[in-house]
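Spelled out from the first residue to the last, the chains are:
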Amino acid sequence: MQEMETALDDLYRIENYIDTFAPGHYARVVEAEDLRNSRLVAFKAMRPEHLSDDGTPGWEARAFINEADLLVRLAASPTAVRLYDCGYISAEDERPDGGEILSLGTNVSAFRENLYPYIGQHWRPYLSLELLPRNNSLFYLMKPNSANGRRRLPTEEGIDLAIQFAHFLRFAHDQRIVYLDHKLEHVYWDGQTLRIIDFNSSQLLETGTHTLDQSLLQDIHNLCVGTLYSIFTGLSPQKGSLRPQPASQSEVEARYADVDHLDFGVEPSLSPSLQELLQQGARQEISTIREFINGLERVAGRHGWELPGVHTMPTLRQARGQMRAGLAHLRWGQEALRTARENLLEAVIMDDINEEMEAELRRLLAQINDALNHRVIP
Ligand SMILES: Nc1ncnc2c1ncn2[C@@H]1O[C@H](COP(=O)(O)OP(=O)(O)O)[C@@H](O)[C@H]1O
Ligand SMILES: [Mg+2]
C-alpha cells in the first residue's frame, strides 16, 4: 500500500463516541466505518491534550506505536482485539473528524518512522480496531444500578474466562509480552468467548533480566486481583464498588501493588479452591503462567471439567453438563426479557395510544426492568 495523505472522510465515516461509560487516559474512541471495505471499527485516536507544544512525541503518543506493535505480535491469538489499520490524523478537535489522514495499514515500522514528522506537524496517532459490542464489556455488564448492588459471573463461566485468559497470557508470556493493565473495562465476554482490548500499557521485555521474571509475576498478580477477583465478587479490590479507572503507565504499575490479600467475605460460598488460588496470586506466589494454569485446572476439575491429567468424578461431569445447559437457558431468558422490553418500548412511544394502554405498558416495563436488574448472569 502506498503511503499518502488523503481526506479522512475518504477513508472513514466517523460515528458516535463509544468510550463514554469507560473512558481511557490516552484516547477517545468512536465507532467508524472503514469505507474501503464497509467494515465497522473502533477508531481509537490519541486525545489532543497529549500533543506537546514543542512538537516532540510524549509517552502517550509512543504508547500508540507500542500498542500497534504488540497487537501485530499477538495477532495469532484468538483473544486479543484485531488491529486493522493505524496512522495519523490532522483533526484538531477531540472528535477525530474531518481533516486529513495518513493510513498505514498494519505496517508498524512505517507507523514508528512517521511518529516524529507527524507529531511535529501536530497530527495525532490513531488505531482502527475490531469493534466489540458494548453489551459484552464486563465493566458495562457488571456495573450495578444501585449503590450497594453488585453482580458476579457464575463460577462455571468465570472459570472458563479465567482459563481463556491464562492461555492468552501463556501465548503473550512466551513472547516476553506482559499485559499488565488488568481491569474489567478491558475485558469482553459473551458467555463463551473472551476478548481483550487496550495494549498500550503492555510491555515487550528484554530476555533474562530480573525485570522479566518480576513482570511475569506481576501480570499474574494483576490478573487475579484486577479482573478475576471482580468477576467473582462484583467488587473492585481497592475501592469496594466498581468504577472506571483511567490510568497512565505509572498508575497501571501502582494500581494493584498494595493488594496482597483479597476479601471474599461477600461471597462465602465461592469455591474455596478458587479463593485459595486467587489469594496465592494476590500474594505473588505464582511465578509462571503454567503454574497458574495448573492451579486453575485443578479448580476446574472440582467443578466437573474434564481436562487431560485432571481428576474429576463422573457425577460432577454430569452436573456440569446440566449447569451449562441451565446457564445457556438463563442467557436466552435474559435476552428474551430484553426483546420483550424493546417490543413494549416501541408501543409506548407511539403518539396516539390512549392513557389506559400507556399505563399498562409502563407497568409491564417497570416489572421487566426490575427482573433485569435482578438478573442472575451479569
Ligand atoms: N475495540 C473496541 N471495541 C469497542 N469499544 C472499545 C474498543 N476499544 C476501546 N473501546 C472503548 O473505549 C474505551 C477506551 O479505550 P482504551 O483502549 O481502554 O483507551 P486508553 O488506552 O485510553 O485506556 C474502552 O474502555 C472501551 O469502552
Ligand atoms: Mg484503557
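Residues numbered from 1 in each chain as written. Chains lettered and ligands numbered in written order. Predicted model: local features only at pLDDT ≥ 70, side-chain atom pairs only at ≥ 80, totals over all residues.

**Quick look at the domain arrangement of the protein chain**
And step 1. When its domains are assigned, the protein chain resolves into domain 1 (5-131), domain 2 (135-312) and domain 3 (328-373).
And step 2. Each of domain 1 and domain 2 has a C-alpha centre, and these two points are 28 Å apart.
And step 3. Taken together, the contact pairs 19 residues of domain 1 with 24 residues of domain 2.
And step 4. Among the residues making up the side of domain 1 that touches domain 2, the classes are represented as 12 nonpolar, five polar and two charged. (Domains from an automatic or database assignment. Contact = placed C-beta atoms within 7 Å. Nonpolar A, V, L, I, M, F, W, Y, C, P; charged D, E, K, R; others polar.)

**Remarks on the sheet that holds strand 3 (residues 27-34)**
And step 1. With antiparallel pairing, the seven strands of this open sheet are ordered in space as 1-6-5-7-4-3-2. Each edge of the open sheet is held by one strand with a lone partner, namely strand 1 (5-7) and strand 2 (12-17). Each neighbouring strand pair of the sheet contributes to a mean axis angle of 35°, computed without reference to strand direction.
And step 2. Relative to strand 7 (residues 124-130), strand 4 (residues 39-46) runs antiparallel, the two being bridged by five bridges. Paired with K44 across the bridge in strand 7 is L127.
And step 3. Where helix 2 (residues 59-73) meets the sheet, it contacts strand 4, strand 5 (83-89) and strand 7, and its direction lies at approximately 30° from that of strand 7. (Pairing = 2+ DSSP bridges. Helix = DSSP H or I, 4+ residues; strand = E, 2+ residues; numbered from the N terminus. Axes fitted to C-alpha atoms, helices over the stretch in contact; angles between N-to-C directions.)

**Digging into the site of ligand 1**
And step 1. Close contacts around ligand 1 come from 21 residues, with D19, G24, Y26, A42 and D198 the closest.
And step 2. Counting only elements with at least two residues in the shell around ligand 1, the list comes to strand 3, strand 4 and strand 7.
And step 3. The class makeup of the residues in the shell around ligand 1 is 11 nonpolar, five polar and five charged.
And step 4. For the shell around ligand 1, the domains that each give at least three residues are domain 1 (5-131) and domain 2 (135-312). (Near = placed C-beta within 6 Å.)

**Some thoughts on the environment of R82**
And step 1. Looking at the secondary structure, you find R82 in the loop between helix 2 and strand 5.
And step 2. Note: C-alpha distance between R82 and I197 (115 residues apart in sequence) is 8.9 Å.
And step 3. Look past the residues within four positions of R82 in its chain and what remains in contact with it is L129 and E130.

**Considerations on the environment of S128**
And step 1. Position of S128 among the secondary structure elements: in strand 7.
And step 2. For S128, a count of 24 C-beta atoms within 10 Å translates into the label buried.
And step 3. Taking the C-alpha atoms as reference, S128 lies 4.9 Å from D85; in sequence the two are 43 residues apart.
And step 4. Once residues lying within four places of it in the same chain are set aside, the contact partners of S128 are D34, V41, F43, Y84, D85 and C86. (Buried ≥ 20, exposed ≤ 12 C-beta atoms within 10 Å, placed from the backbone.)

**A look at helix 6 (residues 155-173)**
And step 1. Helix length check: helix 6 (19 residues) gives 26 Å between terminal C-alpha atoms against 27 Å at 1.5 Å per residue, within 8%.
And step 2. Residues E157, I159, D160, L161, A162, F165, A166, F168, L169, A172 and H173 constitute the buried set of helix 6. (Expected span 1.5 Å × (residues − 1).)

**Considering the nonpolar core**
And step 1. Counting 89 residues, the largest nonpolar core has F43, A68 and L138 as the members making the most contacts within it.
And step 2. Broken down by element, the residue count for this core peaks at nine residues, all from helix 7 (residues 210-233).
And step 3. No fewer than three residues from each of domain 1 (5-131) and domain 2 (135-312) sit in this core.
And step 4. For L138, the contacting residues outside a window of four places in its chain are L184, V187, Y188, W189 and I231. (Core = buried A, V, L, I, M, F, W, Y, C linked by C-beta atoms within 7 Å.)

**Re unusual backbone geometry**
And step 1. In this structure, D198 is a non-glycine residue whose phi angle is positive, near 65°.
And step 2. Positionally, D198 belongs in the loop between strand 10 (194-196) and strand 11 (203-204).
And step 3. Positive phi is not limited to glycine here, since Q284 has a value of about 60°.
And step 4. Along the polypeptide, Q284 turns up in the loop between helix 9 (272-282) and helix 10 (289-302).
And step 5. By the C-beta count within 10 Å, which is 15 here, Q284 ends up partly exposed.

**Regarding the packing of helix 6 against helix 10**
And step 1. Between helix 6 and helix 10, the least distance of the axes is 10 Å, while the angle of their chain directions is 160°. Judged by the angle between their axes, helix 6 and helix 10 are roughly antiparallel. Our pair here, helix 6 against helix 10, has a crossing hand that is left-handed. Here I159, A162, I163, A166, L169, R170 and H173 of helix 6 lie close against helix 10, whose contacting residues are I289, R290, F292, I293, L296, V299 and A300.
And step 2. Residues belonging to the contact of helix 6 with helix 10 are distributed by class as follows: 11 nonpolar, one polar and two charged. (Parallel < 35°, antiparallel > 145°, perpendicular 65-115°, else oblique. Left-handed = near helix turned anticlockwise from the far one by under 90°.)

**Section: the pairing of strand 3**
Sheet faces and side chains relate simply in a regular strand, where the side chains alternate between the two faces.
And step 1. Relative to strand 3, strand 2 runs antiparallel, the two being bridged by four bridges. Residue pairing in the sheet places Y17 in a bridge with V30 of strand 3.
And step 2. By the bridge criterion, eight bridges tie strand 3 to strand 4 in an arrangement that is antiparallel. Following the sheet pairing, V30 is matched in strand 4 by F43.
And step 3. Linking strand 3 to strand 4, which pair antiparallel, is a turn of four residues; within it S38 sits at a positive phi near 60°.

**Side note on the packing of helix 7 against helix 9**
And step 1. In the contact formed by helix 7 and helix 9, the axes pass within 7 Å of each other and the chain directions differ by 130°. Classified by the angle their axes make, helix 7 and helix 9 are oblique. Our pair here, helix 7 against helix 9, has a crossing hand that is left-handed. Every residue of helix 9 that contacts helix 7 at I220, H221, L223, C224, V225, L228 and Y229 is listed here: L278, G281 and A282.
And step 2. Considered class by class, the residues forming the contact of helix 7 with helix 9 number eight nonpolar, two polar and no charged.

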